[in-house]
Amino acid sequence: MDTDVIDTLVGIKPGSALDAIRKRRPDARKEAQASYRALFAPEISGEVTATERFAVAAFLTGLHGDAETAAFYAAGHAAGGASAELRSAIDTAIAAAKGQGPYGSYPAGPLSREDTTGPTHRVAPDIRGALGPRLAAALDHMHLLVFHPRDSAPAALRALLDAGWSTTDIVTLSQIAAFLSFQIRVVAGLRVLAAGAKAR
């Protein structure tokens, strides 16, 4: 847990050029790792279990299409004791939910020209049995945040509440989604820098 996750995902070695770049922003580096620990190894986990946290992360990173990051969180899910059936259900859900996005509609106005229709995801009934109602609802919500952020509405939160997530749990889910979006983009940017350094 003390190993910096972003460094791990990018393959940053101590003393490397990318290590030097990250050292220019020590607070950002420290806080990113602290955020990871707070979300995936909290001192007090609350009602959101480690299995749920990593299941949601594995699904969300799978939707983003970053194979290495998705594999990292899938490995965390497995290491946390998730059953083979649950892990297989997550993989199946990812394959069914992938898309391009973002989809959705803006309020009527100048941005309406960017409206794009796209599929709304619901976990298939046969997969819901393996996931359970809480995780199934969480995965549907993660798909909304990744592919339909413009379409977020109170009804989406109601679906989570109806599935057994508390308001505090929903905040945790939102924090996980926001953090992973940030982490994925930082990792992608650092990989571009690494590729550029190798090309020189």
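The structure this text deals with has already been given above.
Values in this document were obtained by computation on a predicted structure and should not be read as measured data.

Q: Honestly, the overall build of the chain in this entry has me stumped. Any pointers?
A: When helices and strands are tallied, the chain shows nine helices and zero strands. Going residue by residue from the N terminus, the α and β elements of the chain occur as α-α-α-α-α-α-α-α-α. Relative to its length of 200 residues, the chain is compact, with a C-alpha radius of gyration of 18 Å against a globular reference of 16 Å. Across its three principal directions, the C-alpha atoms of the chain cover 50 × 45 × 30 Å. Taking all 200 residues of the chain together, the buried fraction comes to 40%. Of the contacts formed within the chain by residues at least 6 apart in sequence, a portion of 68% connects residues at least 24 apart.

Q: Got a minute to help me understand the nonpolar core in this structure?
A: A general feature of soluble globular proteins is that nonpolar side chains tend to end up buried together. F40, F59, Y73, I90, L131, W165 and L180 are the most contacted members of the largest nonpolar core, which has 50 residues in total. Among the secondary structure elements, those contributing two or more residues to this core are α1 (5–10), α3 (26–40), α4 (50–64), α6 (84–97), α7 (125–147) and α9 (167–199). Here the element with the most residues in this core is α7; it accounts for ten residues. Setting aside chain neighbours within four positions, we find F40 in contact with R53, F54, A57, Y73, I176, F179 and L180.

Q: Would you mind going over the environment of A70 with me for this structure?
A: For A70, the position within the fold is in helix α5 (residues 67–79). Separated by 114 residues in sequence, A70 and I184 place their C-alpha atoms 9.7 Å apart. Setting aside anything within four residues of it in sequence, one finds A70 in contact with T61 and G62.

Q: I tried to follow the pattern of salt bridges on my own but got confused; where do I start?
A: Oppositely charged side chains can form a pair if their charged atoms are brought close together. Using the criterion set out here, one finds eleven salt bridges in the structure. In this structure, D169 engages R134 in a salt bridge whose closest nitrogen and oxygen atoms are separated by 3.6 Å. Taken as a pair, D169 in helix α9 and R134 in helix α7 lie far apart in primary sequence, 35 residues in all. When sorted by exposure, D169 lands in the same class as R134, which is buried. Through salt bridges that share partners, D4, D7, D19, R22, K23 and R29 make up one connected network.

Q: Please explain α4 as it appears in this structure.
A: Residues spaced three or four apart along an α-helix point in a common direction, a consequence of the helix completing one turn every 3.6 residues. The end-to-end C-alpha distance of α4 is 21 Å, a good match for the 21 Å that 15 residues give at a rise of 1.5 Å each. Within α4, twelve of the 15 residues are buried, which leaves the element mostly enclosed by the surrounding structure. Turning to α4, its buried residues are E52, R53, F54, A55, V56, A57, A58, F59, L60, T61, G62 and L63. Directly after α4, the chain includes G65, whose backbone phi takes a positive value near 80°.

Q: Just to check I follow, could you spell out the packing of aromatic side chains for this structure?
A: The geometry of an aromatic ring pair is captured by two quantities: the separation of the ring centres and the angle between the planes. The full count for this structure, using the stated rule, is eight aromatic pairs. Considering the side-chain rings of F72 and Y73, the 5.0 Å spacing of their centres and the 85° angle between planes classify their relative orientation as edge-to-face. Owing to a relative accessible area of 24%, F72 belongs among the partly exposed residues under this scheme. Grouping aromatic residues by their ring pairs yields a cluster made of Y36, F40, F54, F72 and Y73. Across from the ring centre of W165, 3.8 Å away, lies the NZ or CZ of R134, which sits over that ring.

What counts and what doesn't
- In this convention, every chain numbers its residues from 1, walking through the sequence in written order.
- Only residues with pLDDT of 70 or above have their local features reported here, since the model is predicted, and side-chain atom pairs are shown and tallied only from 80 upward, although totals for entire chains, interfaces and linings are computed over all residues.
- With hydrogens and water stripped out, all remaining heavy atoms of the structure feed into the side-chain values.
- Secondary structure elements follow DSSP: runs of H or I of four or more residues count as helices, runs of E of two or more count as strands, with numbering from the N terminus.
- Using C-alpha atoms as the atom set, the radius of gyration is obtained and then compared with a globule rule of 2.2 Å times the number of residues to the power 0.38.
- Buried means the residue's accessible area, taken with a 1.4 Å probe over protein chains only, is under 20% of the maximum for its type, while exposed means over 50%, and partly exposed covers the values in between.
- Residue contacts are counted whenever heavy atoms from the two residues lie within 4.5 Å of one another.
- Nonpolar cores are built from buried Ala, Val, Leu, Ile, Met, Phe, Trp, Tyr and Cys residues. Side-chain atoms within 4.5 Å join them into one set.
- Salt bridges are counted wherever a side-chain nitrogen of Lys or Arg sits within 4 Å of a carboxyl oxygen of Asp or Glu.
- Here a helix's expected span is defined as the number of its residues, less one, multiplied by 1.5 Å.
- Any Phe, Tyr or Trp ring, taking Trp's six-membered ring, that has another such ring centre within 6.5 Å forms a pair; planes under 30 degrees apart are called stacked, those over 60 apart edge-to-face, and the others tilted.
- Look at NZ for Lys and CZ for Arg. If either is within 6 Å of the ring centre and within 35 degrees of the ring normal, a charge sits over the ring.

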